[in-house]
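Here are the chains, one letter per residue:
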Amino acid sequence: MTLPAELTADARPTAEFERQVAPVLGDLHRHAMRMTRHRADAEDLVQDTMASAFAAFSSLRADSTISAWLYRILVNTHISNCRKMRRRPALVSADRITERDLVASSAHSALPSAEDQALQRLGDQDVIAALRALPDVLRVTVYYADVEGLGCKEISVLMDAPVGTVRSRLHRGHRQLRGLLADKRGRGSYYAPRGLAQTA
């Protein structure tokens, strides 16, 4: 009984590939071991090399030396793997990560907010002078909200004023502060109060 042509079509190239590769396979393993210095990595490298070589076997010229061709594929595959490893972030066991590591990582990755950037450009003296220029009731409201970090309900108790009144004073205080700081800088600098999100 003969097999259909579809089943035997690839048999000839596969057999030819195996016939040519078998004599040099031991040398490839030795080269891979020298490159990786680890048995499992060397086996993976040879396997990747064989997959690439088999896929490109039909493009091998008749006058080419199979061992030199396979060695070149091995070297190129190893270089490609090394580049991938360099781009991959380092893996660390979760057991070895401390809270200090997490805090340090978040401090490095967090970008400063727009308000922090604006305040750094202005300087503390500019902000203090602008706060002092506010009317007393607005200055106290803004101080409680932005410096002390209190919410509108807490400020309303301290100042014995309705919550709506506190919100109105806070809004007017922030608006006047922005104007004073913009005039101080002469460029329309933007002041975003620290406690605005908490108090609004």
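Residues numbered from 1 in each chain as written. Predicted model: local features only at pLDDT ≥ 70, side-chain atom pairs only at ≥ 80, totals over all residues. Heavy atoms only, no water.

S.K.: Any chance you could break down unusual backbone geometry for me, citing the residues and the numbers?
M.R.: A positive phi angle is found at R37, which is not glycine, with a value near 65°. Within the fold, R37 resides in the loop between α3 (25-36) and α4 (39-56). On the accessibility criterion, R37 (71% relative accessible area) is exposed. For D160, which is not a glycine, the phi torsion comes out positive at approximately 55°. Counting through the fold element by element, D160 comes out in the loop between α10 (152-159) and α11 (163-185). (Helix = DSSP H or I, 4+ residues; strand = E, 2+ residues; numbered from the N terminus. Buried < 20%, exposed > 50% of the residue type's maximum accessible area, 1.4 Å probe, protein only.)

S.K.: Which residues make up helix α5 (residues 66-87), and what values do they have?
M.R.: The end-to-end C-alpha distance of α5 is 32 Å, a good match for the 32 Å that 22 residues give at a rise of 1.5 Å each. Buried residues of α5: I66, W69, L70, I73, L74, V75, T77 and H78, and no others. (Expected span 1.5 Å × (residues − 1).)

S.K.: Could you give an account of the pattern of salt bridges, with specific residues and numbers?
M.R.: For the structure on display, the rule yields four salt bridges. E16 serves as the salt-bridge partner of R19, at 2.5 Å between the closest nitrogen and oxygen. Separated by three residues within a single helix, R19 and E16 lie in helix α2 (residues 11-21), roughly one turn from each other. Taking the shortest distance from any N to any O, the salt bridge between D63 and R61 comes out at 3.3 Å. (Salt bridge = Lys/Arg side-chain N within 4 Å of Asp/Glu carboxyl O.)

S.K.: Can you lay out the nonpolar core for me, pointing to particular residues and giving the numbers?
M.R.: By size, the foremost hydrophobic cluster in this structure holds 17 residues, and its most contacted members are M50, W69 and L70. Elements with a minimum of two residues in this core: α2, α3, α4 and α5. What L70 contacts, discounting residues up to four positions off in sequence, is V21, V24, L28, T49, M50 and A53. Grouped together as the second largest cluster of nonpolar side chains are 14 residues, L150, C152, A161 and L181 included. (Core = buried A, V, L, I, M, F, W, Y, C linked by side-chain atoms within 4.5 Å. Contact = heavy atoms within 4.5 Å.)

S.K.: An account of the packing of α3 against α4 is requested, with residue identities and associated values reported.
M.R.: Axis separation between α3 and α4 bottoms out at 8 Å; the angle between their running directions is 130°. Here α4 runs oblique to α3, going by the angle between their axes. You can see that α3 and α4 cross each other, and the crossing is right-handed. Of the residues in α4, those in contact with L25, L28, H29, A32, M33, M35 and T36 of α3 are R39, D41, A42, L45, V46 and M50. Its residues placed into classes, the contact of α3 with α4 shows nine nonpolar, two polar and two charged. (Axes fitted to C-alpha atoms, helices over the stretch in contact; angles between N-to-C directions. Parallel < 35°, antiparallel > 145°, perpendicular 65-115°, else oblique. Left-handed = near helix turned anticlockwise from the far one by under 90°. Nonpolar A, V, L, I, M, F, W, Y, C, P; charged D, E, K, R; others polar.)

S.K.: Account for α10, naming residues and giving values.
M.R.: Because the α-helix completes a turn every 3.6 residues, residues three or four places apart line up on one side. Within α10, the full set of buried residues consists of C152, I155 and S156. Burial along α10 is one-sided: seen end-on, the buried residues are contained in an arc of 105°. Turned more than 90 degrees away from the buried face of α10 sit K153, V157 and L158, all of them exposed. D160, located one to two residues past α10, shows a positive phi value of around 55°. (Arc of directions from axis to C-beta.)

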